[in-house]
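So the chains spell out like this:
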Amino acid sequence: MERVIAVAVPLALVGLTVLWLTRRGSKGRPRAGSGALTLLKNEVLRYSQVWEDDALLLAALDVKKGDSLLAIASAGDNVLNLLLAEPKSILAVDVNPAQVALVQLKLAAIRQLPHADFLLLLGYASCEDAAARRCELRDKLDLPRETRAYWEAHEETLKKGIAGSGRLETYFRAFSEQLPSLGWPSDAIPRLFAAKSIDAQLKLWQTLCTPRFEAAFRKHFARETQAEHGRSEQQLHHVDKAEDISATLLERLKRMLQQSLCAHNFYFRRFIDAAAAEPAAGAPYLLEENYARLRQLLPRVTVRTQTLQEAVAEVGAGRFDKVYISDIFEYMELSDAHALAETFASVMPSGGRLAYWELYLARPPSPHGSFVLDTTSKASRMTDRNFFYRGFHVLQKK
Ligand SMILES: C[S@@+](CC[C@H](N)C(=O)[O-])C[C@H]1O[C@@H](n2cnc3c(N)ncnc32)[C@H](O)[C@@H]1O
């Protein structure tokens, strides 16, 4: 009996310590990475569009015909944009069942609906009886059981137009709706997007970027407001509390307006005036000219409600040539991001590429890891059309 206790007690203590470390993080603090993951698993539709520049991503990953891809599903935009590059397969995963329900709805719509109805269903187009038509279109589709249940339970979102109804998009709209009361004339936005030179754009911008505008921007995008309405405190956990992120965002917006023309910037248009943003100026998967080809390619996509980590663990003897992970490295310590990068590397061939964004935090690759920054990629020399990101990385496996 004494011998059993002598073995069992230390074993139990080791087990409890491992459990404690796993839940608290190696430095004894709660692991915000898992906090963010737990939060993201809830069924709130957080993103009704993807804000990560498709042109940057496509240039970065340089998808080849035989490639197998692993991608964050999110709202599905970049999964479908990548599909147009005709890889062999894409596994799209998301921890949040609401995001998966949106992607499944998009896939079913592309499979079964004419292009105009696809845009109407998603809220990229409207008509007089849009709410009723959207319900009719949903009812026509062959949807997985959970997807149908989701869109029956969230019919109000469907009726309003999904494209503007994610938590983040609703938060952006709450800002753009303030613009008239901040003194922006009704033709300000069309004029901004019609500017033909940076000088003309900046001249107009100087009349719009008043102290009142700046104060409203700073208030709306302050950390607390952002955490409460747009993103969440868990997603911001590793961002230094002393950093004034609204000032950072305002600086980035000004820099973008100094460097590139708004015209054709679908991301900025959706940010500042979602209702007026023409899909014709938007992501490739929304365009009519790509629709028939997109439909043909759909069998190459698999969508699952799971984490990227789970997808990698399940790949077995398979591999992923290209991996796209949004900005998830921000939700964890840099050392944990490096460890996760190694997990991706373990299922990628030499020359495989990993693409990710940074929003507020620098997440450079480990100098001792399996990846090098890919300086050959065209994407590393391009500018992000979306002003709010800090950076974008394309890594290549050694
Ligand atoms: C990473 S979020 C970021 C979106 C936007 N860039 C932002 O910062 O607010 C995009 C999607 O990733 C999903 N996600 C986050 N971590 C994940 C993980 N480890 N595995 C699978 N999905 C994840 C979220 O549910 C969400 O739909």
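On a predicted model such as this, the values are computed, not experimentally measured, just so you know. (Residues numbered from 1 in each chain as written. Predicted model: local features only at pLDDT ≥ 70, side-chain atom pairs only at ≥ 80, totals over all residues.)

1. A word on the overall build of the protein chain
- Scanning the protein chain from N- to C-terminus turns up 19 helices and seven strands.
- Relative to the globule expectation of 21 Å for 398 residues, the C-alpha radius of gyration of the protein chain, 22 Å, shows essentially globular dimensions.
- Seen through its C-alpha atoms, the protein chain measures out along the principal axes to roughly 85 × 50 × 45 Å.
- Put simply, the protein chain has 398 residues, and 38% of those count as buried. (Helix = DSSP H or I, 4+ residues; strand = E, 2+ residues; numbered from the N terminus. Rg over C-alpha atoms; globule rule 2.2 N^0.38 Å. Buried ≥ 20, exposed ≤ 12 C-beta atoms within 10 Å, placed from the backbone.)

2. Overview of the nonpolar core
- Judged by nonpolar contacts, the single largest core of 89 residues is most densely connected at Ala-71, Ala-73, Val-79, Ile-90 and Ala-92.
- Sorting elements by how many residues they give to this core places helix 5 (residues 97-112) first, with ten residues.
- Ignoring any residue separated from it by four or fewer positions in sequence, one finds Val-79 in contact with Ala-71, Ala-73, Ile-90, Ala-92, Val-103 and Val-301. (Core = buried A, V, L, I, M, F, W, Y, C linked by C-beta atoms within 7 Å. Contact = placed C-beta atoms within 7 Å.)

3. Observations regarding the pairing of strand 2 (residues 89-94)
- Among the six residues in strand 2, five count as buried, and that is most of the element.
- Summarising the sheet, strand 1 (residues 68-72) and strand 2 pair through five bridges and their orientation is parallel. By the bridge assignment for strand 2, Ser-68 is matched with Ser-89.
- As paired strands, strand 2 and strand 3 (residues 301-305) are joined by five bridges and run parallel to one another. Pairing of Ile-90 across the sheet is with Val-301, part of strand 3. (Pairing = 2+ DSSP bridges.)

4. Thoughts on unusual backbone geometry
- At Ser-74, a position not held by glycine, the phi torsion is positive, near 50°.
- Summarising the element assignment, Ser-74 is placed in the loop between strand 1 and helix 4 (77-83).
- Ser-74 gets classed as buried once you count the C-beta atoms within 10 Å, which come to 25.
- Even without a glycine there, the phi angle at Ser-326 is positive, about 60°.
- With respect to the element layout, Ser-326 can be found in the loop between strand 4 (322-324) and helix 19 (334-345).

5. Topic: the sheet that holds strand 6 (residues 371-373)
- The strand order across the open sheet built from seven strands is 3-2-1-4-5-7-6, with neighbouring strands paired in mixed fashion. This sheet does not close on itself; its edge strands, each paired only once, are strand 3 and strand 6. Strand-to-strand twist of the sheet, defined as the mean angle between neighbouring strand axes without regard to direction, takes the value 20°.
- In this sheet, strand 5 (residues 353-358) lies alongside strand 4 in parallel orientation, the contact comprising three bridges. Looking at strand 5, one finds that Tyr-324 is bridged to Ala-355. (Axes fitted to C-alpha atoms, helices over the stretch in contact; angles between N-to-C directions.)

6. Things to note about the environment of Ala-149
- Relative to the helices and strands, Ala-149 is located in helix 8 (residues 145-153).
- You can call Ala-149 exposed: it has 12 C-beta atoms within 10 Å.
- Along the chain, Ala-149 and Ala-101 lie 48 residues apart, while their C-alpha atoms are 9.2 Å from each other.

7. Looking at the pairing of strand 5
- For strand 5, a buried count of five out of six residues is recorded, marking the element as mostly surrounded by other parts of the structure.
- With helix 19 bridging strand 4 and the parallel strand 5, this β-α-β connection has right-handed handedness. (Right-handed = clockwise from strand over helix to strand, strands pointing away.)

8. Concerning helix 6 (residues 115-122)
- Three or more residues of helix 6 are buried, namely His-115, Phe-118, Leu-120, Leu-121 and Leu-122.
- Where the residues of helix 6 are buried, they touch helix 5, helix 7 (130-140) and helix 17 (288-297).

9. Focus on the packing of helix 13 (residues 211-220) against helix 15 (residues 245-259)
- Interaxial distance between helix 13 and helix 15 falls to 8 Å at its minimum, and their mutual angle equals 130°. When the axis of helix 13 is compared with that of helix 15, the two are oblique. Here helix 13 runs over helix 15; the crossing is right-handed. Where helix 13 abuts helix 15, its residues Glu-214, Phe-217 and Arg-218 lie against Ser-246, Ala-247 and Leu-250.
- Residue composition of the contact of helix 13 with helix 15, grouped by class: three nonpolar, one polar and two charged. (Parallel < 35°, antiparallel > 145°, perpendicular 65-115°, else oblique. Left-handed = near helix turned anticlockwise from the far one by under 90°. Nonpolar A, V, L, I, M, F, W, Y, C, P; charged D, E, K, R; others polar.)

10. Details of the environment of Leu-308
- Relative to the helices and strands, Leu-308 is located in helix 18 (residues 308-313).
- Along the backbone, Leu-308 and Ser-260 are 48 residues apart, and their C-alpha atoms lie at a distance of 34 Å.

11. A word on the confidence of the model for the protein chain
- Residues at a pLDDT of 70 or more form 90% of the protein chain, whose mean pLDDT is 89.
- Contacts of residues 1-33 to residues separated by more than four positions or lying in other chains number 15 contacts, the stretch itself having pLDDT below 50. (pLDDT = per-residue confidence, 0-100.)

12. A few points about the environment of Ser-89
- Looking at where Ser-89 falls in the secondary structure, it is placed in strand 2.
- Of the residues examined, Ser-89 has 17 C-beta atoms within 10 Å and is grouped as partly exposed.
- Sequence spacing of Ser-89 and Tyr-356 is 267 residues, and the spatial spacing of their C-alpha atoms is 20 Å.
- Beyond its immediate chain neighbours, meaning those up to four positions away, Ser-89 contacts Ser-68, Leu-69 and Arg-300.

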